[in-house]
Structures are given as structure tokens and as C-alpha cells.
Amino acid sequence: MGKKIIVAGLGHGGIAAAAILAKAGYDVNVYEQKNEGELGYDWTDIFAPDSLAVAGIPMPDEDKYTYKENMTFYGPSERVGLKQHVPENDLEIKLERKDIYAHLINHALGCGVNITYGCKVNRPIILGSRVVGISTEKCDFFGDLIIDACGMNSPVRMNLPASFGIEKNVARHEKISIYRAFYNKECDVTDKYKVILLKDGKPGICWVATEENHTDLLIGRFEDFDMEEVLRFSDLLRQTNPSLGTEVLRGGQFVEIPTRQPLSLMIGDGYAAIGDSAFMTVPLIGSGIANCLRASRILADAVIADTDEKYNCETLWSYQYNFFKKLGSGLAPLASAKMILLDLSVEEADYLFDSGMINEDNITIGASFTSINSMEIDILDVINKAKLVCKNTSLLKKLPKCGLNIGKAIGVCSVIPKTYSYDRVMAWKKRYEAAFKF
Ligand SMILES: Cc1cc2nc3c(=O)[nH]c(=O)nc-3n(C[C@H](O)[C@H](O)[C@H](O)COP(=O)(O)OP(=O)(O)OC[C@H]3O[C@@H](n4cnc5c(N)ncnc54)[C@H](O)[C@@H]3O)c2cc1C
């Protein structure tokens, strides 16, 4: 009976898949490098709560979460603010990252998952063309399927032999570097939740969220930056955001999030990647919790459907196929759309806001959608936008190219092979990777 599942890393999708499989009778062991109680960051996160139900996880206790507030979006010069108006039923929940982890882990333990903390995974163990285990700092562990939930720089994915054909590295433009901290709140403001694009011409976004007892600062860039730059940039932000104090109360760390298209191949014989390890974040905003919870169900269904317990490319392909049909084909084009943020000048970005080319409806959909499939096209709005683009010669050069790249991504995702054959899958993978060579 091949029912021994190893999960490398306590990533969110890995824990959720582990719980479903343990509940279905599989012997599931998770190996996590950090110590018990040390997971997560010292700040809050937001995600769509319906993803919990998809993974069979109950809602957290009501005192643990609040609903996310609508944010107001600005161009670099902060002249025109566009406020989201997300319908109440679609609001995401906000809770402490440590509480999210505690909730998922308690659920998994209740389902029978075994977790070993303080156990760093070094690499996969390969036998022939198959992953048969993981080598850790403690010892080697063997299983019938290795689920890789070790995050963006997973040592499992990055040490797979080239013959697996699985992408290893993340290019600079495919990830966003984040500095985040809670500062003391200097004063109350009416515009409490601000997101600013390309502030000071820097490629990326930042937010200043004035909460009850602190002001939450996030600086996200598609380039490296350091503490000196954080000090300079936060001083600049204070000129227009008086609630932002100077004393760091919580956080104050640099982290990275993948903001690229999902892996072109997320399975191999004895191997499946999930979560940040397979790049399942929404490329425009870096949210990944809801997607990997949803993916956990798709992966577990593929494993359970493999009644011959082969866990190879043929049987695991249904995981990749269904992931792309349900999520990936909506996420991947957003990786192309994101590239415009690296290309716009301050003047062009301001023009989008000042001219009315982007409006509050667009911001509401744009900032909360998790897939290009969820966008509804309003033809009149598109015509008005086209007229405004025509009035701006530099945008006229950039936006059609971006549109073409989005079209290429949509096209290749729509022809993903339904069943696995090595030649067909490799040909599709090549086309998919080519669609993101900008
Ligand atoms: C600053 C920040 C803010 C974010 N905010 C949000 C948000 O508000 N909403 C949202 O939906 N998403 C957010 N995300 C993204 C989200 O955290 C991830 O997309 C999501 O958690 C999926 O990632 P993961 O769990 O697969 O990987 P990770 O979160 O990277 O977890 C990987 C796990 O594997 C462990 N691990 C890594 N290497 C090894 C090893 N060698 N051996 C053993 N264990 C290992 C790690 O310790 C970790 O526990 C944010 C990310 C960051 C960095």
C-alpha cells in the first residue's frame, strides 16, 4: 500500500493538503525547519474566507478576525484617490499571521497529521526518475509522494535534477521585495487606508494604513532596497501621510513574495509543488493564502483518485490541469499585466488616475480580483479608455504591448493538455514559458 505522504515545509497549502489526506486515511508526515510556535510574521494578513471551506477547514473563532476595509488607491503624486467599494459578501478577512497558522495547524493535527519541527529539509532524494524522499539535517525520510510546501526558494524544487524539467529560479522581476512594519500612530486621518503606486518613481507599491493603535507601512518594490532607503522613503511618505510615526512597534522585516506566473510544471514522478513553491500568488498583489488553500483540495483529489497509488506524472497531471483550469489560467495573465508597473513613468501613472482612465469601479475589481477570468468587460468603458490612451502618446506605445502579452498568456493557458503525454506536456510547457519572455 503506497500511502505514505511527506510534506516538506509547513506552507499553508501543504498543511491543508496534509489535513485532507490524513483524514482520508493516508499516513502524512510534515517536516518544518522552524520550531513549534515560531511560524508566521508579526503582522496581519488578509485572504478570502471561502477558501477555507474549499479545503474543508472551519472558519476561525470570530474574535480572531475582522473584515478588511476598502482601500483608496493613488498615483505617484497622490492627487486623485480612488476608493474601492467591495460588496460586503466579498470582503476578505484580516487576522494575525500567527493565528492563521495556529488555526490551520490545529485543524491538521485534529485530522491526524504528524508534524516534526526544527527539521530543515536539504534536498530531495532521487531514485531513477522518481523523488522517493527528502534528505534533512536530522536524517533521510522516504515516502510514496513528496508534497513540496517549502515556499518560493524551496530546496526540494531547486535541487531536482534538470530531467524533471521544473523551473528552479525566480528572476528579479518575478518577485516583489517587501518591507513591512507597524509604526506608532501620530494622529487620526480621514483617508485611513491608502495604497500608492510608483511613489517617487520607484517600481512597486506601498501602503499606509492608519489603524486604531498603529500605522501599518508596507513598501513593495520589484528591485532590491535597504534600510537606508526605507528611512528616506518613509520620511517622504510622512509629508502626505501625517499618521505615520517614526517608532517601529512591530515587524520591521524585509521579505520576498513571488509575483510571477505559476510553475510551468508543478509535478513529477513522486513530486508535487504547492503554494509559493509553485508560485500560486496573485501576481499583481502577492496574495497567496486563498489560492494555495484552494489548490490543496485539487491536489488531494488527484492523490485520492490515484487508486493504483502510482503518484507519477500521469496520475498527478490532473492536479496541474485542474489547477490551471480553476486558478492558474486566471493568475498567469496577471503576471503579464504586472509588467506594466515596471514600465510606467510617474507622469503616465498619474495620467491614469488624473484623466479618469482608471475609476473606482476598476480599482474595486482590479485590487480584489484573483484572476483575469473574474473580470467583466464593459465595452463602453473600454472605448472611453481607448480614447484616453490615444491622447497620451507614450501610453499608446506601452499599453497595446502589455495587452498583447496578456493575450498570449490567456491563449497558452487555454490549450493546456487535458491528459498527460510526455511530448504534449513538454511542448505546452515550452510555449507557456515562451509567453512570459518579455
Ligand atoms: C510580507 C508578506 C505578506 C503577505 N501578505 C499576504 C496577505 O495578506 N494575504 C495573502 O493571501 N498572502 C500574503 N502573502 C503571501 C502568502 O504568505 C503566501 O503566498 C502563502 O502563505 C503561500 O506560501 P507558502 O505557505 O506556500 O510558503 P511560505 O509561506 O514560504 O511557507 C513555507 C514554509 O516552509 C518552511 N521551509 C522553508 N524552507 C524549508 C526547509 N529547507 N526545510 C523545512 N521547512 C522549510 C518555512 O519555514 C515555511 O514554514 C504575504 C507574504 C509575505 C512574505
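Just so we're clear, the structure is a prediction, and the values are computed from it rather than from any experiment. (Residues numbered from 1 in each chain as written. Predicted model: local features only at pLDDT ≥ 70, side-chain atom pairs only at ≥ 80, totals over all residues.)

Digging into the overall build of the protein chain
The helix and strand inventory of the protein chain stands at 12 helices and 19 strands. A compact globule built from 438 residues would reach a C-alpha radius of gyration of about 22 Å, and the protein chain, at 22 Å, matches this within 12%. When its C-alpha atoms are laid out on the principal axes, the protein chain stretches across 65 × 45 × 40 Å. For the protein chain, buried positions account for 45% of its 438 residues. (Helix = DSSP H or I, 4+ residues; strand = E, 2+ residues; numbered from the N terminus. Rg over C-alpha atoms; globule rule 2.2 N^0.38 Å. Buried ≥ 20, exposed ≤ 12 C-beta atoms within 10 Å, placed from the backbone.)

Some thoughts on helix H6 (residues 289–305)
Given a rise of 1.5 Å per residue, 17 residues ought to cover 24 Å, and the 25 Å separating the end C-alpha atoms of H6 matches this to within 8%. Where burial is concerned, most of H6 is hidden: 14 out of the 17 residues are buried. (Expected span 1.5 Å × (residues − 1).)

Observations concerning the sheet that holds strand S7 (residues 93–96)
Strand pairing in a sheet is mediated by backbone hydrogen bonds. Such pairs are either parallel or antiparallel. On the basis of which strands lie adjacent, the open sheet formed by three strands has the order S3-S7-S4 and antiparallel pairing. Only two strands of the sheet have a single neighbouring strand rather than two, namely strand S3 (44–47) and strand S4 (66–67). As judged from the four bridges shared by S3 and S7, these two strands associate in the antiparallel manner. Paired with Thr44 across the two strands is Glu96, which belongs to S7. (Pairing = 2+ DSSP bridges.)

Side note on the site of the ligand
Surrounding the ligand, one finds 34 residues, the nearest of these being Gly9, Gly11, Gly151, Gly275 and Gly288. Taken together, the residues of the shell around the ligand break down into 16 nonpolar, 12 polar and six charged. (Near = placed C-beta within 6 Å. Nonpolar A, V, L, I, M, F, W, Y, C, P; charged D, E, K, R; others polar.)

Structural notes on the domain arrangement of the protein chain
Per the domain assignment, the segments of the protein chain are domain 1 (4–67 + 94–168 + 262–326) and domain 2 (173–258). Summarising the inter-unit geometry, the C-alpha centres of domain 1 and domain 2 are found 30 Å apart. Contacts between the two partners involve eight residues from domain 1 and, on the opposite side, 10 residues from domain 2. For the side of domain 1 that touches domain 2, the class distribution of residues is four nonpolar, two polar and two charged. (Domains from an automatic or database assignment. Contact = placed C-beta atoms within 7 Å.)

Re the sheet that holds strand S13 (residues 175–185)
With mixed pairing, seven strands are arranged side by side in an open sheet as S6-S5-S14-S15-S16-S13-S17. Where the open sheet ends on each side, the last strands, each with one partner, are strand S6 (82–83) and strand S17 (244–258). When S13 meets S17, the two strands line up antiparallel, connected through 10 bridges. When the bridges of S17 are listed, Lys175 appears paired with Pro258.

Regarding the environment of Glu32
Relative to the helices and strands, Glu32 is located in the loop between strand S2 (27–31) and S3. With 24 residues separating them in the primary sequence, Glu32 and Ala8 have C-alpha atoms 6.7 Å apart. Discounting residues that sit within four places of it in the chain, Glu32 has contacts with Gly9, Leu10, Ile115, Tyr117 and Cys119.

Here we look at helix H11 (residues 393–414)
With 22 residues, H11 extends 33 Å between its outermost C-alpha atoms, agreeing within 8% with the 32 Å of an ideal straight helix rising 1.5 Å per residue. Within the span of H11, buried status applies to Leu395, Leu399, Asn405, Ile406, Ala409, Val412 and Cys413. An end-on view of H11 places all buried positions within 155° of arc, on one side of the element. Pointing more than 90 degrees away from the buried face of H11 are the exposed residues Thr393, Leu396, Lys397, Pro400, Leu404, Gly411 and Ser414. (Arc of directions from axis to C-beta.)

Some points on the pairing of S2
As judged from the five bridges shared by strand S1 (residues 4–8) and S2, these two strands associate in the parallel manner. Across the sheet, residue Ala8 finds its bridge partner in S2, namely Tyr31. For the handedness criterion, the β-α-β arrangement of S1, helix H1 (residues 12–23) and S2 is classed as right-handed. Across three bridges, S2 lies against strand S8 (residues 114–116) in parallel orientation. Across the sheet, the residue bridging to Val30 is Ile115, located in S8. (Right-handed = clockwise from strand over helix to strand, strands pointing away.)

So, the packing of H1 against helix H3 (residues 97–111)
Across the interface, H1 lies against H3 with an axial gap of 8 Å and an inter-helix angle of 20°. Relative to H3, the element H1 lies roughly parallel. The handedness of the crossing between H1 and H3 comes out as left-handed. Of H3, the residues touching H1 (which contributes His12, Ile15, Ala16, Ala18, Ala19, Ala22 and Lys23) are Leu104, Ile105, His107, Ala108 and Cys111. (Axes fitted to C-alpha atoms, helices over the stretch in contact; angles between N-to-C directions. Parallel < 35°, antiparallel > 145°, perpendicular 65-115°, else oblique. Left-handed = near helix turned anticlockwise from the far one by under 90°.)

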